[in-house]
Amino acid sequence: MEAERPVASHQLSLRDSETCQKYILAVKKANQEKREETGRSPRAYVLTFGCQQNEADSEKLAGLASEMGYEKAAHPDEADLIIVNTCAVREHAEQKALSIVGQYKHLKARNPELVIVMCGCMVTQAFRQNEIKHNYPYVDIVFGASSMFRFPQLLWEHMEKERRLIIPDEETYLVAEGLPVRRNSTYRAWVSIMYGCNNFCTYCIVPYVRGRERSRSKEDIISEVEELVKQGYKDITLLGQNVNSYGHDNQDGVDFADLLALIDNIEGDYTIHFMTSHPKDATEKLIDVIASGRHIAHHFHLPLQSGSDRILKAMNRHYDAQHYRKVLNYLRQRIPDVTVTSDIMVGFPGETEEDFCDTLAFLAEARFDMIFSFIYSPRKGTPAAEAADQIPPEVKSDRFSRLLQQQNEISLESNRRLVGSTLRVLCDGPSKNDPDVWSGRTDGNKIVFFDGSREDIGRFLTIRITRAEAFALYGEKESHG
Ligand code: SAH
Ligand code: SF4
Ligand code: F3S
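Residues numbered from 1 in each chain as written. Chains lettered and ligands numbered in written order. Predicted model: local features only at pLDDT ≥ 70, side-chain atom pairs only at ≥ 80, totals over all residues. Heavy atoms only, no water.

**Q** Hey, could you run me through the site of ligand 2 in this one?
**A** The environment of ligand 2 is made up of Cys197, Asn199, Phe200, Cys201, Tyr203, Cys204, Val206, Pro207, Gln241, His278 and Arg317. Tallied by class, residues from the shell around ligand 2 come to seven nonpolar, three polar and one charged. (Near = heavy atom within 4 Å. Nonpolar A, V, L, I, M, F, W, Y, C, P; charged D, E, K, R; others polar.)

This is how it looks when you write it as structure tokens:
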């Protein structure tokens, strides 16, 4: 039989997947029975490490939990189900997740019915699965990043058979569509447009734990964005490890620039962001689409990693500083008010003082608005972790602080240029550190503090910038946007 509309061969549609639905209903029924017994609804607590893709996945895990009858727990202490969605990108993220899960041991002792789940990138690695199997006996269910759609089934089997389920990750090449989502915000939303990565940068674990690139169909993405705009979402971020390769595995010839243009056609009051772009395939066509777009933020996050061609080659990044410079020049020429941010890594194996100075010199020239900076962390199983010329920790941290110091001056200068201008800011509400000061973000993702009121939350405001620091802008509200 012919499908009604083209569905890429790798797609598993969970919209009508009987198996997934069957287990959702089975757990829901068990939870209803428990509620009748105890008079209390079971609650789920989701803790997320890592990038926005993991945040987006966690909203789906929370959505599945909600379909299965779990209410949201505000704190792990009151939860009947704890889901820890892990990250493997640096050692620190892994150690933090393990240490927090270690603290859940006492919760399990207090409430033996508590179910503890670990999932996501870290536990996709076989050695971490083993570690959890042996050293964390109170963790009940473990599954990897591509098996999320099996969560209801695993939970049901665990409840039925009361046994631990540690599922080795098998690369499924699937795009699970139609999973329920419980979004954390009513005005900012993530939309994954593709999963996985084919680039194998030599330092990076992501391709090993997230598998090969799989793109969603443009129809599924567009209808998700249309629905979000209809629901009043104001800020929508398209996610992928390398959004520029969107569509290479689809048959309709729609690349990322085409997809962005199609989304931009959707009528409404919203802004589209996207991340992450890889410099090797950030095209002029894409930049032209942003320049002429109506809803596309004038923000480009373009990770450079290093300013040294020698190191870029060893990283397997497939571009050199000159290529990056060309992309940046075109970007600034076509979109003069663009905010450009980047990722920089120091201490990659073999990085000499000269290589590091190339990075500093490139940053001085490129004048990024902001960077995310990282100290290289060896990842088991990646080529760079095997390199003999690892950089001593004290050299790494010295370079890291020099990097930060230089970039802080550049960021401050870039923010100071905005003093006196008016910017469109999406209001998030009272700031974390001082509830009397309100915060929001510009299209370029810069944080702005101002005097706000409750009805501003989730709305675009026009803010006149009065003061700048390296990491924040301060301003006064002029009007609702
Ligand atoms: N797909 C995106 C980002 C992936 S991870 C991209 O290609 O840019 C986000 C950032 O983490 C990377 O840009 C890199 O700077 C950093 N990172 C990745 N692996 C790392 C490692 N082993 N040690 C330190 N930082 C790392
Ligand atoms: Fe990692 Fe490179 Fe893929 Fe980004 S592009 S996720 S840094 S392998
Ligand atoms: Fe971490 Fe996985 Fe994202 S390793 S950075 S959560 S893709």
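This is not the end of the story, as more comes after the structure.
**Q** Would you explain the side chain of asparagine 244 in this entry?
**A** Summarising the element assignment, asparagine 244 is placed in the loop between β12 (235-239) and α9 (256-264). Note on asparagine 244: relative accessible area 7%, which makes it buried. In terms of polar contacts, asparagine 244 uses its side chain to reach the backbone amide nitrogen of histidine 278, at 2.7 Å. (Helix = DSSP H or I, 4+ residues; strand = E, 2+ residues; numbered from the N terminus. Buried < 20%, exposed > 50% of the residue type's maximum accessible area, 1.4 Å probe, protein only. Polar contact = N/O pair within 3.5 Å; in protein donor to acceptor, adjacent residues only side chain to side chain.)

**Q** What exactly am I supposed to notice about the sheet that holds strand β16 (residues 370-375) here?
**A** Whenever strands of a sheet pair, they do so through backbone hydrogen bonds, lying parallel or antiparallel. The three strands are arranged β14-β15-β16 in an open sheet whose pairing can be described as parallel. This sheet does not close on itself; its edge strands, each paired only once, are β14 (299-301) and β16. Each strand axis lies, on average, 15° off the axis of its neighbour in the sheet, ignoring direction. Pairing between β14 and strand β15 (residues 339-346): three bridges, direction parallel. Of the residues in β15, the one forming a bridge with histidine 299 is threonine 339. Sitting on the sheet, helix α15 (residues 393-416) is in contact with β15 and β16, with an inclination near 175° to β16. (Pairing = 2+ DSSP bridges. Axes fitted to C-alpha atoms, helices over the stretch in contact; angles between N-to-C directions. Contact = heavy atoms within 4.5 Å.)

**Q** Is there a simple way to explain the pattern of salt bridges in this structure?
**A** Where charged atoms from two side chains of opposite charge come close, those side chains can pair. Counted under the stated rule, the structure contains 39 salt bridges. A salt bridge links arginine 379 to glutamate 91; its shortest N-O distance comes to 2.6 Å. With a gap of 288 residues between them, arginine 379 in the loop between β16 and α14 (383-386) and glutamate 91 in helix α3 (residues 91-103) connect regions that are remote in the sequence. We note a salt bridge from glutamate 219 to lysine 218, for which the minimum N-O separation is 3.4 Å. Residue glutamate 219 is classed as partly exposed on the basis of its relative accessible area, which comes to 25%. Salt bridges linked by common partners bring Glu59, Glu177, Arg183, Arg216 and Glu224 together as one network. (Salt bridge = Lys/Arg side-chain N within 4 Å of Asp/Glu carboxyl O.)

**Q** For this particular structure, what's the right way to read the packing of helix α12 (residues 321-334) against helix α13 (residues 353-366)?
**A** Describing two packed helices takes the angle between their axes plus the distance from one axis to the other. For the pair α12 and α13, interaxial distance at closest approach is 12 Å and the crossing angle is 15°. Our classification of the angle between α12 and α13 gives roughly parallel. Every pair of crossing elements has a handedness; the one defined by α12 and α13 is right-handed. Residues Ala321, Tyr324, Arg325, Leu328 and Arg332 of α12 form the contact with α13, whose own contacting residues are Phe362, Glu365 and Ala366. Here the residues of the contact of α12 with α13 are counted per class, giving five nonpolar, no polar and three charged. (Parallel < 35°, antiparallel > 145°, perpendicular 65-115°, else oblique. Left-handed = near helix turned anticlockwise from the far one by under 90°.)

**Q** Would you take a moment to explain the site of ligand 3 for this structure?
**A** Ligand 3 sits among Gly50, Cys51, Asn54, Cys87, Ala88, Val89, Cys121, Arg210 and Gln241. Split into classes, the residues belonging to the shell around ligand 3 amount to five nonpolar, three polar and one charged.

**Q** Is there a simple way to think about the packing of aromatic side chains in this case?
**A** Aromatic ring pairs: the centre-centre distance and the angle between the two ring planes describe each pair. This model, assessed by the stated rule, comprises eleven aromatic pairs. Taking the centre distance of 5.3 Å and the plane angle of 85° together, the rings of phenylalanine 200 and tyrosine 208 count as edge-to-face. The interplanar angle of 80° and the centroid separation of 5.6 Å between the aromatic rings of tyrosine 324 and phenylalanine 362 together place this pair among those described as edge-to-face. Taken together, the residues span a long stretch of sequence, with tyrosine 324 in helix α12 and phenylalanine 362 in helix α13 at a distance of 38 residues. Judged by relative accessible area, which is 0%, tyrosine 324 ranks as buried. The exposure class assigned to phenylalanine 362 is buried, which follows from its relative accessible area of 3%. The rings of Tyr319, Tyr324, Phe362 and Phe368 are connected pair by pair, giving a single aromatic cluster. Geometry around phenylalanine 460 places arginine 424 over its ring, the cationic atom sitting 3.7 Å from the centre. (Phe/Tyr/Trp six-rings, centres within 6.5 Å; stacked < 30°, edge-to-face > 60°. Lys NZ or Arg CZ within 6 Å of the ring centre and 35° of its normal.)

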